[in-house]
Amino acid sequence: MDQARLHLMLCGGTGCHASGSKSFHEALDAELKNQGLEKEVRVIETGCNGFCALGPVMLVQPEGIFYQQLKADDAAELVESHFLKGRPVQRLMYRDPVSKKTMAHMDEIPFFAHQMIWAMRNKGLIDPESIDEYIARDGYFGMAKALTEMSSEDIIGEIKASGLRGRGGAGFPTGVKWGFAAQAKSDVKYVLCNADEGDPGAFMDRSILEADPHAVLEGMIIAAKAINATQGYIYCRTEYPLAIQRLSLAIEKARDYGLLGEDILGSGFGFDVDIYQGAGAFVCGEETALMRSIEGRRGMPRPRPPFPANKGLWDKPTVLNNVETLANVGQIMLNGGQWYASVGTESSKGTKVFAISGDINNIGLVEVPMGISLRKMIYDIGGGIPNKRKFKAVQLGGPSGGCIPEKYLDTPVDYEEIAKVGAIMGSGGVIVMDEKTCMVDMARFFMDFIQEESCGKCTPCREGTRRILEILEKISEGRGEPGDIETLEELSEVIKSSSLCGLGQTAPNPVLSTLNYFRDEYYAHVYEKRCPAKRCVALLKFTVDPDKCKKCGLCFKACPTGAVQWEKKQPASIDKEKCIQCMACYDACRFDAIE
Amino acid sequence: MAATDKLQHPDVTPEMIREIDDIIESQKNAPGAVIPVLRMSQDVVGYLPVEVIDYISAGLNIPSSDVYGVATFYSLFSLTPKGRHRIRACLGTACYVKGIKEVMGRISKEFDLEVGGTTEDRRFSLEAVRCLGACGLAPVVVVDQDTYGGISADQVSGILEKYE
């Protein structure tokens, strides 16, 4: 192989693809050829880098210089100035939204500086379509050790020692789960990977699958050896075509290399993996529902026991682990359980990947040690709230999670501590909301999701969530009545205690947590017919406050129907007849002059 | 396959039937084949007319009530025709916080198109999907294979204009 002077690690994740990394890639290739640099400078398309909002992003190695928001037109300047003359291009570098400083190197950017990258250790460093590059980064070494030197008990012992808990949400200890399945007696056993990431606002599984598919396969093979399984399935969302494509390629390559199939590494142990594409049902993230779905039926959960460790897929003992959980397993085999357990809190070990999004400056995926505070995550890594607005709440754990107000921002992120303040770890979605978010509207949003995704098997979940949604809709449309808030609470408690699976049992959490911390907003909606965050259209008057209006005309430009009347140096006014209540003027106004 | 099973539907060409036959044949013996067969057949026809569902159930030798049950359970499957262009608006939390509701409202208004519906001229169909996993680009709308991130309601007509 030719030695290249520079390696350009260009992000090829879904986010960067969408913001134009392919056209930039073509332009870059053409320009490198133009300048005769194609042998000296190599472009490598990596998986998701995590800093999606600034995509397409590219890291220049070995210098460690980080470029962002690249466009095809930038290619010529980059090649000429940086790769030919050695003068990096300032204007394409990261500019810190807080300090306004330009930062050249990836490791000085706060978004990356505070992270601890274990599960995503290969993101942006290797070509996800090359098995050799994965192996060069210690890939499959943990598996080799597990297969050739360790017994089933040894493997389970290391996983138990590591303290690894399921990263899919509930946080069940992985080693214990494997132990149950290992003890089950059966001729056939299965290892499943849950890649049906359905939580809105969480995309770490997609990122890992796109950036490092072999890490997931390696984890599955180790799990298979631990419980003595011969067949595995990866249940992956159809919405993730790139992940499916890279996984298929990874499986094919691993088979070529003899790392999947019969008699792996001459150990006498055989295991193979197939991909099963989901068909879009949130409830299929629940383990018994997922197994039904692979069997080709409606994905409905069933009561447990019997647990899947004894009776799972096709009624055979089955272990189901999440993508992120499995991505940790290879390194734990290689470095030992103690190594993994040296980071984290008493009950939650290692690292966790979070997807930070919403009203926050640095949107993206971050991997941090367990126990870090929410404040650090939102302000130090996330760069705080944009547009000088105030923080209102952070929503953790997806639709079955909860909203946490400012006073609990110092809570350490750990399964138990997060639960104490009324949210859950879940799969790791962190959605930051500023003062313009209406909490009643948020609760309505999550309930809409849940009632649509409820499989309908049990009544409290199917009917109860629908009733909650109706009440919330009523409230946000200004038709709330005394007693509604109390009914919401009562319904929530019943659904929680009487539903069959995790979906129903956690469904009312968004309502309960917002009622708990933002009860005054519910009161304002019901009793004063007012939406304090000015988000609920039915409760807005759409009038201009002439005292606050700075006569700038932004609302006039934004209005699609000509309802806003404005002339230079005159305050605006709104014609109610023409107004379609689209919120365009409201969003455009920087001075809160529209009510 | 018995002659009575012959599939007849205005939207299904003989070529499509051959493709569906191949799909059924290749998956017939795989356990849990219903979902993959429905998915691949939908890719061929564009949606799943009831006649296609019956045809698949006969081909796989599974009661059509079971196949129908699966087809109506998963959001991927559509029993009604789709438009020439598929607009998928992400209803994930990040997109919601960043204003996808306003964007969808504008699409509905300008094209007289409800979520889950298709325009009369079959130009567009609008779907709400749950999180495309591209939260960094919120709010996100995907038209056919093109992803548009960070869009506002005002940009909607400009974007959709291109799709005839």
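What you see is a predicted model; the values in this text were computed from it and never measured.

A.B. asks: Help me understand the domain arrangement of chain B in this model?
C.D. replies: How large an interface is tends to be reported as the accessible area lost when its parts come together. Per the domain assignment, the segments making up chain B are domain 1 (14–73) and domain 2 (85–162). On a C-alpha basis, the centres of domain 1 of chain B and domain 2 of chain B stand 29 Å from each other.

A.B. asks: Sorry, what's going on with unusual backbone geometry here?
C.D. replies: Trans peptide bonds make up most of the peptide bonds, and negative phi angles are found at most residues other than glycine. With an omega dihedral of 5 degrees, the bond running from Gln61 of chain A to Pro62 of chain A counts as a cis peptide bond. Within the fold, Pro62 of chain A resides in the loop between β3 (58–61) and β4 (65–67). Between Ala138 of chain B and Pro139 of chain B the backbone carries a cis peptide bond, its omega angle lying at -5 degrees. Mapped onto the elements of the fold, Pro139 of chain B is located in the loop between β2 (124–129) and β3 (141–143). Here Asp138 of chain A, not a glycine, exhibits a phi torsion of approximately 70 degrees, which is positive.

A.B. asks: Explanation requested: a negative patch on the surface in the structure shown.
C.D. replies: Residues and elements named next belong to chain B. A cluster of like negative charges, contributed by Asp112, Glu114, Glu120 and Asp121, occupies part of the molecular surface. The topology assignment puts Glu120 in the loop between α6 (100–111) and β2. Judged by its relative accessible area of 85%, Glu120 falls in the exposed class.

A.B. asks: Just to check I follow, could you spell out the packing of aromatic side chains for this structure?
C.D. replies: A ring pair, where both rings are aromatic, is described by two values, the distance of the centres and the angle of the planes. The full count for this structure, using the stated rule, is 21 aromatic pairs over all chains. For the ring pair Trp118 of chain A and Trp339 of chain A, a centre distance of 4.3 Å and an interplane angle of 25 degrees mean the geometry is stacked. Taken as a pair, Trp118 of chain A in the loop between α4 (110–113) and α5 (131–136) and Trp339 of chain A in helix α14 (residues 337–341) lie far apart in primary sequence, 221 residues in all. The class for Trp339 of chain A is partly exposed, based on a relative accessible area of 27%. Pairing Phe73 of chain B with Tyr74 of chain B gives two aromatic rings, centres 4.9 Å apart and planes at 80 degrees, and the pair type is edge-to-face. Judged by its relative accessible area of 2%, Tyr74 of chain B falls in the buried class. By way of ring pairs, the aromatic residues Phe51, Phe66, Tyr94, Phe111 and Phe112 of chain A are connected into one cluster.

A.B. asks: Would you mind showing me how to read the sheet that holds strand β4 (residues 146–148) of chain B here?
C.D. replies: Hydrogen bonds along the backbone pair up the strands of a sheet, which may run parallel or antiparallel. Residue and element names in this part refer to chain B. Read from one edge to the other, the open sheet built from 4 strands follows the order β2-β1-β3-β4, with strand pairing classed as mixed. Of all the strands in the sheet, the pair left with one neighbour each is β2 and β4. Across the sheet, the axes of successive neighbouring strands diverge by a mean angle of 20 degrees, strand direction being ignored. As paired elements, strand β1 (residues 85–90) and β2 share 6 bridges and run parallel to each other. Counterpart to Ala89 in the pairing with β2 is Ala128.

A.B. asks: Would you take a moment to explain the sheet that holds strand β8 (residues 231–236) of chain A for this structure?
C.D. replies: Residue and element names in this part refer to chain A. In space, the 4 strands of this open sheet follow the order β9-β8-β7-β10, with parallel pairing throughout. In this open sheet, the two strands that pair with only one neighbour each are β9 (272–277) and β10 (318–322). Put simply, the sheet's adjacent strands are angled 20 degrees from each other on average, direction ignored. Where strand β7 (residues 190–195) meets β10, 5 bridges bridge the pair, whose relative direction is parallel. Paired with Tyr190 across the two strands is Thr318, which belongs to β10.

A.B. asks: Help me out: how do you make sense of the nonpolar core in this one?
C.D. replies: Note that soluble globular proteins tend to have their nonpolar side chains buried in a common cluster. Trp178, Ile234, Phe271 and Val394 of chain A are the most contacted members of the largest nonpolar core, which totals 149 residues. The element that contributes the greatest number of residues to this core is helix α10 (residues 213–227) of chain A, accounting for 10 residues. When neighbours within four sequence positions are excluded, Ile234 of chain A is seen to be in contact with Cys193, Ala195, Leu217, Met220, Leu247, Ile251, Val273, Asp274, Ile275 and Tyr276 of chain A. With 71 residues, the next largest nonpolar core counts Cys455, Leu503 and Ala507 of chain A together with Ile17 of chain B among its residues.

A.B. asks: Mind showing me how you'd approach the confidence of the model for chain B here?
C.D. replies: Do not read the predicted coordinates in detail wherever pLDDT is low. Scored by pLDDT, chain B has a mean of 89; 97% of the residues are at 70 or more. Predicted as a complex, the structure gets a pTM of 0.91 and an ipTM equal to 0.86.

A.B. asks: Is there a simple way to think about helix α8 (residues 174–183) of chain A in this case?
C.D. replies: Note on helix geometry: an α-helix contains 3.6 residues per turn, so any two residues three or four positions apart are oriented the same way. For α8 of chain A, the complete set of buried residues consists of Thr174, Gly175, Trp178, Gly179 and Ala181 of chain A. The inward-facing, buried residues of α8 of chain A abut α7 (152–162), α10, β10 and α13 (323–335) of chain A.

A.B. asks: Where do I start with the UniProt feature "binding site: [2Fe-2S] cluster" (unreviewed entry) in chain B in this structure?
C.D. replies: Under the feature "binding site: [2Fe-2S] cluster" (unreviewed entry), the UniProt entry names Cys90, Cys95, Cys131 and Cys135 of chain B. The annotated residues occupy 46 residues of the chain but converge on a single region, no pair of C-alpha atoms lying more than 9.2 Å apart. Looking at where Cys90 of chain B falls in the secondary structure, it is placed in strand β1. Taking the relative accessible area as the measure of exposure, Cys131 of chain B reaches 2% and is therefore buried. In contact with Cys131 of chain B, other than residues within four places in its own chain, are Asp199, Pro200, Gly201, Ala202 and Arg237 of chain A together with Cys90, Leu91 and Gly92 of chain B.

A.B. asks: How should helix α18 (residues 459–476) of chain A be read in this particular structure?
C.D. replies: Residue and element names in this part refer to chain A. For α18, built from 18 residues, the straight-helix expectation of 26 Å at 1.5 Å per residue is met to within 8% by its first-to-last C-alpha distance of 25 Å. All of the buried residues along α18 are Cys461, Gly464, Thr465, Ile468, Leu469, Ile471, Leu472, Lys474, Ile475 and Ser476. Where α18 is buried, its residues touch α17 (439–453), α19 (484–498), α20 (502–506), α21 (509–517) and α22 (519–527).

Reading the values: rules and limits
- Residues numbered from 1 in each chain as written.
- Chains lettered and ligands numbered in written order.
- Predicted model: local features only at pLDDT ≥ 70, side-chain atom pairs only at ≥ 80, totals over all residues.
- Heavy atoms only, no water.
- Domains from an automatic or database assignment.
- Helix = DSSP H or I, 4+ residues; strand = E, 2+ residues; numbered from the N terminus.
- Patch = residues over 30% accessible without salt bridge, like charges linked within 9 Å, V, L, I, M, F, W, Y side chains within 5 Å.
- Areas by Shrake-Rupley, 256 points an atom, 1.4 Å probe, with all protein chains shown as cover.
- Salt bridge = Lys/Arg side-chain N within 4 Å of Asp/Glu carboxyl O.
- Lys, Arg positive; Asp, Glu negative; His and termini not counted.
- Charge placed at Lys NZ, Arg CZ, Asp CG, Glu CD.
- Buried < 20%, exposed > 50% of the residue type's maximum accessible area, 1.4 Å probe, protein only.
- Phe/Tyr/Trp six-rings, centres within 6.5 Å; stacked < 30°, edge-to-face > 60°.
- Pairing = 2+ DSSP bridges.
- Axes fitted to C-alpha atoms, helices over the stretch in contact; angles between N-to-C directions.
- Core = buried A, V, L, I, M, F, W, Y, C linked by side-chain atoms within 4.5 Å.
- Contact = heavy atoms within 4.5 Å.
- pLDDT = per-residue confidence, 0-100.
- UniProt positions renumbered as here; feature names shortened; annotations may be inferred.
- Expected span 1.5 Å × (residues − 1).

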